[in-house]
Amino acid sequence: MVYGIIVFIVIILLFVLLTYNRLVASKNLVKEAFSTMDVYLKKRWDLVPNLVECVKGYTKHEQETLEEIVKLRNSKYENMNNGEKIQKGEEIASQISKIMILSESYPDLKASENFVNLSKELVQVENDIENSRKYYNGTVKNYNIDILKFPNNLIASIFGFKEEKMFEAKDYEKENIKVEL
């Protein structure tokens, strides 16, 4: 009887230990996925001033959009928490799309080698951000499933593991782009 109780306790402890370690590994994958995305968000963050300066010379009377981007970018990237980085990144992305639309009105700007190069680099960064968001969402999904499954949820709640939020497309990103020929 005593051996049975000892074996039962050892099995429970092993289960808790293995589950805890799996949850820690899953949580670290989420951190790594965010860190990967963070690299691309920072790259876009650093690219934006160059794009703004390039556009400024051609669009002197379109200052409102450019000033909004500069205002969004005034805070120090390194001092932001993950949520702020995500929010600022989304706000900057919506403003960048306005710059690209503005460029359609300025043939000289569209022909500028500097603008073309910055645009290509921005497209690549946006593709990298999109791919890293997919990876992040996949790791968050797996992590959230791990902490919500029974009996993992008991261990997760005891050790303070919380659900992570996934990236979701904003309303403006879901709208169809109007193309006029």
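Residues numbered from 1 in each chain as written. Predicted model: local features only at pLDDT ≥ 70, side-chain atom pairs only at ≥ 80, totals over all residues. Heavy atoms only, no water.

## A short note on the overall build of the chain
And step 1. In terms of helices and strands, the chain carries seven helices and zero strands.
And step 2. Listing each helix as α and each strand as β along the chain from the N terminus yields α-α-α-α-α-α-α.
And step 3. In the chain, which comprises 181 residues, the proportion classed as buried is 34%.
And step 4. The contacts in the chain between residues at least 6 apart in sequence include a share of 79% that link residues at least 24 apart.
And step 5. Summing over all exposed atoms, the chain offers an accessible surface of approximately 11900 Å²; the carbon and sulfur share of this is 57%. (Helix = DSSP H or I, 4+ residues; strand = E, 2+ residues; numbered from the N terminus. Buried < 20%, exposed > 50% of the residue type's maximum accessible area, 1.4 Å probe, protein only. Contact = heavy atoms within 4.5 Å. Areas by Shrake-Rupley, 256 points an atom, 1.4 Å probe, with all protein chains shown as cover.)

## Description of the packing of helix α5 (residues 113–148) against helix α6 (residues 152–159)
And step 1. Their axes nearest at 6 Å, the elements α5 and α6 cross at an angle of 100 degrees. Taken as axis vectors, α5 and α6 run roughly perpendicular relative to one another. Contacts between α5 and α6 pair Asp146, Ile147 and Leu148 from the former with Asn152, Asn153 and Ala156 from the latter.
And step 2. Partitioning the contact of α5 with α6 into residue classes produces three nonpolar, two polar and one charged. (Axes fitted to C-alpha atoms, helices over the stretch in contact; angles between N-to-C directions. Parallel < 35°, antiparallel > 145°, perpendicular 65-115°, else oblique. Nonpolar A, V, L, I, M, F, W, Y, C, P; charged D, E, K, R; others polar.)

## What about the packing of aromatic side chains?
And step 1. Under the criterion given, the structure shown has three aromatic pairs.
And step 2. Judged by centre distance (4.7 Å) and plane angle (55 degrees), the rings of Tyr20 and Phe159 are tilted. Placement of the pair is Tyr20 in helix α1 (residues 2–56) and Phe159 in helix α6, with a sequence separation of 139 residues.
And step 3. Classification of Phe159 by relative accessible area gives partly exposed; the value is 43%.
And step 4. Among the aromatic side chains, those forming a connected cluster through ring pairs are Tyr20, Phe159 and Phe161. (Phe/Tyr/Trp six-rings, centres within 6.5 Å; stacked < 30°, edge-to-face > 60°.)

## Observations concerning the packing of helix α3 (residues 82–104) against α5
And step 1. Put simply, α3 and α5 touch, their axes get as near as 13 Å, and they point 145 degrees apart. The hand of the α3/α5 crossing is left-handed. On the side of α3, the interface is formed by Glu90, Ile96, Met100 and Ser103, while α5 contributes Phe115, Ser119, Leu122, Glu126 and Arg133.
And step 2. For the contact of α3 with α5, a count of residues per class yields four nonpolar, two polar and three charged. (Left-handed = near helix turned anticlockwise from the far one by under 90°.)

## Points about the pattern of salt bridges
And step 1. Summed over all chains, the structure comprises six salt bridges.
And step 2. Note that Asp46 and Lys42 form a salt bridge whose closest N and O atoms lie 2.9 Å from each other. Taken as a pair, Asp46 and Lys42 lie in helix α1 at a separation of four residues, close to a single helical turn.
And step 3. With a closest N to O distance of 3.7 Å, Lys134 and Glu130 form a salt bridge. (Salt bridge = Lys/Arg side-chain N within 4 Å of Asp/Glu carboxyl O.)

## Structural notes on the confidence of the model for the chain
And step 1. Summarising the model, the chain shows a mean pLDDT of 81, and 86% of its residues fall at 70 or more.
And step 2. Taken element by element, the predicted model of the chain shows its lowest mean pLDDT in helix α7 (residues 171–174) (52) and its highest in α6 (93).
And step 3. Here residues 176–181 is modelled with pLDDT under 50, and outside its nearest four sequence neighbours on either side it reaches zero contacts, counting other chains as well. (pLDDT = per-residue confidence, 0-100.)

## Here's the deal with α3
And step 1. When the terminal C-alpha atoms of α3 are compared, their 34 Å separation across 23 residues agrees well with the 33 Å that a helix rising 1.5 Å per residue should span.
And step 2. Taken residue by residue, α3 has Lys85, Ile86, Gly89, Glu90, Ile92, Ala93, Ser94, Gln95, Ile96, Ile99, Leu102 and Ser103 as its buried positions.
And step 3. A distance of 3.0 Å separates the backbone nitrogen of Gly83 from a side-chain oxygen at the start of α3, and that oxygen is part of Asn81. (Expected span 1.5 Å × (residues − 1). Polar contact = N/O pair within 3.5 Å; in protein donor to acceptor, adjacent residues only side chain to side chain.)

## Structural notes on the side chain of Lys85
And step 1. Note on placement: Lys85 falls in helix α3.
And step 2. Once residues within four sequence positions are removed from consideration, Lys85 is found in contact with Asp38, Tyr77 and Met80.

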